[in-house]
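As a plain string of letters, each chain reads:
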Amino acid sequence: MSRTKSKTPIRWERLLLVLLNGGPISKEDIAVSMNYKLINRISAEIWQLKERGAQIKQHRKGKAVWGYELLNPQDVRHLVEDRGFTVLPVIKNLNDLNAQTAQVAEKETVTQ
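Residues numbered from 1 in each chain as written. Predicted model: local features only at pLDDT ≥ 70, side-chain atom pairs only at ≥ 80, totals over all residues. Heavy atoms only, no water.

(A) View of helix α3 (residues 42-51). Turning to α3, its buried residues are Ile42, Glu45, Ile46 and Leu49. The arc enclosing the buried residues of α3, seen along the axis, measures out at 100°, which places them on a common side. Set apart from the buried face of α3 by more than 90 degrees, the exposed residues are Ser43, Trp47 and Glu51. On the buried face of α3, the contacting elements are α1 (11-19), α2 (27-34), β2 (56-61) and β3 (64-70). One or two positions beyond α3, positive phi appears at Gly53, with a value near 105°. (Buried < 20%, exposed > 50% of the residue type's maximum accessible area, 1.4 Å probe, protein only. Helix = DSSP H or I, 4+ residues; strand = E, 2+ residues; numbered from the N terminus. Arc of directions from axis to C-beta. Contact = heavy atoms within 4.5 Å.)

Next up, the structure:
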């Protein structure tokens, strides 16, 4: 049973939206793409995905995990498409967004 359409995905849905890009994705790229500061809690979100049928492979360098890969994207894509979301692009750093700084209007002083 899926939830109703909402404007903002919850954390496990944001993780799924990033992992649907395919291939191994590093923990740093996941943190930037999801705008998620608590990357050490990512295992809780991965557990939520596994409970919903996702198969996620951990990529390790020695004992440390450096990234994750979704092995069955075609089977879990319906979890986000039913809610009206599309795949999030992987952002390597915030400079990739080509954002421009906002112009702040100067205050006018009123004299009486």
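Anyway, onward from the coordinates.
(B) Structural context of the sheet that holds strand β1 (residues 25-26). The three strands are arranged β1-β3-β2 in an open sheet whose pairing can be described as antiparallel. Unpaired on one side and paired on the other, β1 and β2 mark the two borders of the sheet. As paired elements, β2 and β3 share six bridges and run antiparallel to each other. Across the sheet, His59 pairs through a bridge with Gly67, a residue of β3. With respect to the sheet, α1 is in contact with β1, β2 and β3, its orientation differing from that of β3 by roughly 80°. (Pairing = 2+ DSSP bridges. Axes fitted to C-alpha atoms, helices over the stretch in contact; angles between N-to-C directions.)

(C) The arrangement of the pattern of salt bridges in detail. All chains considered together, the criterion is met by two salt bridges. Where Glu45 meets Arg11, a salt bridge forms, and the shortest distance between an N and an O atom there is 3.0 Å. Here Glu45 is found in helix α3, whereas its partner Arg11 is found in helix α1, with 34 residues between them in sequence. For Glu45, a relative accessible area of 6% corresponds to the buried category. The exposure class assigned to Arg11 is partly exposed, which follows from its relative accessible area of 37%. Its salt-bridge partner being Arg83, residue Glu13 comes within 2.4 Å of it at the nearest N-O pair. Here Glu13 is found in helix α1, whereas its partner Arg83 is found in the segment after α5 (78-81), with 70 residues between them in sequence. Taken as a pair, Glu13 and Arg83 share a single burial class, namely buried. (Salt bridge = Lys/Arg side-chain N within 4 Å of Asp/Glu carboxyl O.)

(D) Just the packing of α1 against α2, in detail. One way to put it is that α1 packs onto α2 with a least axis distance of 10 Å and a crossing angle of 120°. With respect to their mutual orientation, α1 and α2 come out oblique. In the packing of α1 onto α2, the handedness of the crossing is right-handed. Of the residues in α2, those touching α1 at Arg11, Arg14, Leu15, Val18 and Leu19 are Ile30, Ser33 and Met34. When grouped by side-chain class, the residues that make up the contact of α1 with α2 number five nonpolar, one polar and two charged. (Parallel < 35°, antiparallel > 145°, perpendicular 65-115°, else oblique. Left-handed = near helix turned anticlockwise from the far one by under 90°. Nonpolar A, V, L, I, M, F, W, Y, C, P; charged D, E, K, R; others polar.)

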